[in-house]
Amino acid sequence: AAAQYRKHRIVLTGGPCAGKTTAQTKLAEFFENLGWKVYRVPETATVLLNGGVKWPELSPAQAYQFQEDLLRTLLQIEQTFFALASGHDDKNVLVICDRGSYDPSAFVEAAEWAKMLRDNGWTAGTLRDERYNHVIHMVSAANGAEEYYQVENNSARKEGLELARELDRRASEAWIGHPYLDVVDNSTTFEVKIHRVIHDVCQRLGIDVGDRLAANSRKRKYLVSRAPEVWPVKHVDFEVEHAYLLTTDGTQARIRRRGQGADCTFMHTVRTGGAGPRDRRVAISAREYTSLLAQRDPAHLPVYKIRRCFLWQDCYFQLDMYQAPCHPRCAGLCLLELHTAKEEAVLPDFLTIEREVTSDPAFSMHALSMRD
């Protein structure tokens, strides 16, 4: 019975400011919504560099030893998650690694890397080609999205544009030879870039999500008046809490907690105006979420939902069921959302749909959360 469930290991690699952290979070949310167990392996280099390691202070011998120790640590951390994944015999498991075992090869000379492999009994086959099912290289914003390149949001990142481009090139070349390597560049918006990453993983796994991840896909929203007590399709429920924050520049800012029991993820979203609203989402820690709660906008009530995620006729849906405490306007409110490129969306026949409210400002979460 266990053979029917999949254990899929992927690496997200790339140059500085490529979007790996956001991609990891969005990938995890997407597959959790499909009922998968997802493990997220942290980037070992960032953990060690944040401990006070400074490259200019290291001698060549120290730098070599650091890279070797880093790789050993990376392999052990990964193995911990791989062992957890192999222990699940009742569900599919996705392990997302923030960089992988062949990334260190981009930062040492070829002769030194060959020596490191030889001294430790490692090979390219075991470290690169066999260890992971799929590798995705996300191109640094320094290549093609220079206006969005920044170093402030990562204390371990010090690179200027030219160095970032060089590190990006090295990181991509390090993985040449892996049987399943995809490169995601900056030819689209950042949101679509993240969608392309998810699409590539789904494609490698043979998961059909319809046109949800198409470049011209957009969010559609529908008012639901009735849902069945016994749900006719497989689904996954999450507890979701939103809070709007005070801002001084006219933008909308909110934070979100999403999870099942104590297993939660947190997101900070800023929406800007202009030629159509744009959302900038950043994954945050539980501590950051708690700290930001102190900036809640008193004009807005917190929003509580049960988010039911399901697939129906090759389309991915989310049904948000508003929960108490809430404003009377939200009592019993159910909103169905999907992303599609189709003009006429095919909606679940087991739900009673009143009407589409995609363009109705009264059904935006910002309006629904207003106190008055």
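Please refer to the structure placed before this passage.
The paragraphs below set out a description of the structure included in this document.

What counts, and at which threshold
Residues numbered from 1 in each chain as written. Predicted model: local features only at pLDDT ≥ 70, side-chain atom pairs only at ≥ 80, totals over all residues. Heavy atoms only, no water. Helix = DSSP H or I, 4+ residues; strand = E, 2+ residues; numbered from the N terminus. 1 Å grid on protein atoms, 1.4 Å probe; cavity = no way out; pocket = protein on both sides within 12 Å on 5 of 7 lines; lining within 4 Å. Points joined across faces, edges and corners; volume = space filled by probe spheres on them. Nonpolar A, V, L, I, M, F, W, Y, C, P; charged D, E, K, R; others polar. Pairing = 2+ DSSP bridges. Axes fitted to C-alpha atoms, helices over the stretch in contact; angles between N-to-C directions. Contact = heavy atoms within 4.5 Å. Salt bridge = Lys/Arg side-chain N within 4 Å of Asp/Glu carboxyl O. Buried < 20%, exposed > 50% of the residue type's maximum accessible area, 1.4 Å probe, protein only. Core = buried A, V, L, I, M, F, W, Y, C linked by side-chain atoms within 4.5 Å. Phe/Tyr/Trp six-rings, centres within 6.5 Å; stacked < 30°, edge-to-face > 60°. Parallel < 35°, antiparallel > 145°, perpendicular 65-115°, else oblique. Left-handed = near helix turned anticlockwise from the far one by under 90°.

### Topic: unusual backbone geometry
Okay, so step 1: Looking along the chain, the bond that leaves alanine 324 and enters proline 325 is cis, with omega of 0°.
Okay, so step 2: Note on placement: proline 325 falls in the loop between β12 (315–322) and β13 (334–340).
Okay, so step 3: The phi torsion at cysteine 17 lies on the positive side, around 55°, for a residue other than glycine.
Okay, so step 4: For cysteine 17, the location among the structural elements is in the loop between β1 (7–14) and α1 (20–33).
Okay, so step 5: Positive phi values are uncommon outside glycine, yet arginine 99 reaches one of about 70°.

### Some thoughts on the layout of surface pockets
Okay, so step 1: Volume-wise, the second largest pocket comes out at about 300 Å³.
Okay, so step 2: Lining the second largest pocket we find 17 residues, and of these Glu32, Trp36, Lys37, Gln260 and Asp263 sit closest to its centre.
Okay, so step 3: Of all the elements in the fold, those that place two or more residues in the lining of the second largest pocket are β2 (37–41), β7 (235–245), β8 (252–260) and β9 (263–272).
Okay, so step 4: Of the residues in the lining of the second largest pocket, the class split is five nonpolar, five polar and seven charged.

### Focus on the sheet that holds strand β5 (residues 181–184)
Okay, so step 1: The strand order across the open sheet formed by five strands is β2-β3-β1-β4-β5, and the pairing between neighbours is parallel. Here the strands that pair on one side only, and so sit at the sheet edges, are β2 and β5. In this sheet, neighbouring strand axes are inclined to one another by 20° on average, regardless of whether the strands run parallel or antiparallel.
Okay, so step 2: For β2 and strand β3 (residues 93–98), the ladder comprises five bridges, and the chain directions are parallel. Counted as the bridge partner of tyrosine 39 is valine 95 from β3.
Okay, so step 3: Contacts from helix α3 (residues 60–86) reach β1, β2 and β3 within the one sheet, and its direction differs from that of β2 by about 175°.

### So, the pattern of salt bridges
One side chain can pair with another of opposite charge once the charged atoms of both are near each other.
Okay, so step 1: As enumerated under the stated definition, the model contains 22 salt bridges in all.
Okay, so step 2: With its nearest N and O atoms 2.9 Å apart, the salt bridge here joins aspartate 182 to arginine 204. Remark: arginine 204 occurs in helix α7 (residues 190–205) and aspartate 182 occurs in strand β5; sequence separation between them is 22 residues.
Okay, so step 3: Taking relative accessible area as the criterion, aspartate 182 reaches 16% and is therefore assigned buried.
Okay, so step 4: Here arginine 204 falls in the partly exposed class, since its relative accessible area comes to 35%.

### Quick word on the nonpolar core
Okay, so step 1: Among the nonpolar cores identified, the biggest contains 29 residues, and Leu27, Phe30, Phe31, Ile96 and Val197 are the most heavily contacted of them.
Okay, so step 2: For this core, the secondary structure elements donating two or more residues are β1, α1, β3, β4 (134–138), α7 and β7.
Okay, so step 3: If one sorts the elements of this core by residue count, α7 sits on top with six residues.
Okay, so step 4: Setting aside residues up to four positions removed in sequence, phenylalanine 30 forms contacts with Ile198, Cys202, Val209, Arg212 and Tyr316.

### What about the packing of aromatic side chains?
Aromatic ring pairs are described here by two measures, namely the spacing of the ring centres and the angle between the planes.
Okay, so step 1: All told, the structure shown has 13 aromatic pairs when counted by the stated rule.
Okay, so step 2: Judged by centre distance (5.2 Å) and plane angle (80°), the ring pair of tyrosine 102 and tryptophan 113 falls under edge-to-face. One end of the pair, tyrosine 102, is in the loop between β3 and α4 (110–120); the other, tryptophan 113, is in helix α4, with eleven residues separating them in the sequence. There is no split in this pair, since tyrosine 102 and tryptophan 113 are both buried.
Okay, so step 3: Relative to phenylalanine 310, the ring of tryptophan 231 lies with its centre 5.5 Å away and its plane at 75°, an arrangement referred to as edge-to-face.

### Notes on empty space enclosed by the protein
Okay, so step 1: Throughout the structure, instances matching the rule amount to one cavity of 30 Å³ or more.
Okay, so step 2: Volume-wise, the largest cavity comes out at about 50 Å³.
Okay, so step 3: What lines the largest cavity is simply Leu301, Pro302, Val303, Tyr304, Tyr322, Pro325, Cys326, His327, Cys330, Leu368 and Ser369.
Okay, so step 4: Classifying every residue of the lining of the largest cavity by side-chain character gives nine nonpolar, two polar and no charged.

### As for the environment of threonine 44
Okay, so step 1: Checked against the element boundaries, threonine 44 lands in helix α2 (residues 44–49).
Okay, so step 2: Since its relative accessible area comes to 4%, threonine 44 is described here as buried.
Okay, so step 3: Sequence-distant contacts of threonine 44, defined by excluding residues within four places in its chain, comprise Leu70, Thr73, Leu74 and Ile77.

### Brief notes about the packing of α3 against α4
Okay, so step 1: Direction vectors running N to C along α3 and α4 enclose 50°, while the axes themselves pass 11 Å from each other. Overall, the two elements α3 and α4 adopt an arrangement that is oblique. At the point where α3 passes α4, the crossing takes the right-handed sense. Between α3, through Tyr64, Gln67, Glu68, Leu71 and Arg72, and α4, the contact on the second element is made entirely by Glu112, Trp113, Lys115, Met116, Asp119 and Asn120.
Okay, so step 2: The residue makeup of the contact of α3 with α4, split by class, is four nonpolar, two polar and five charged.

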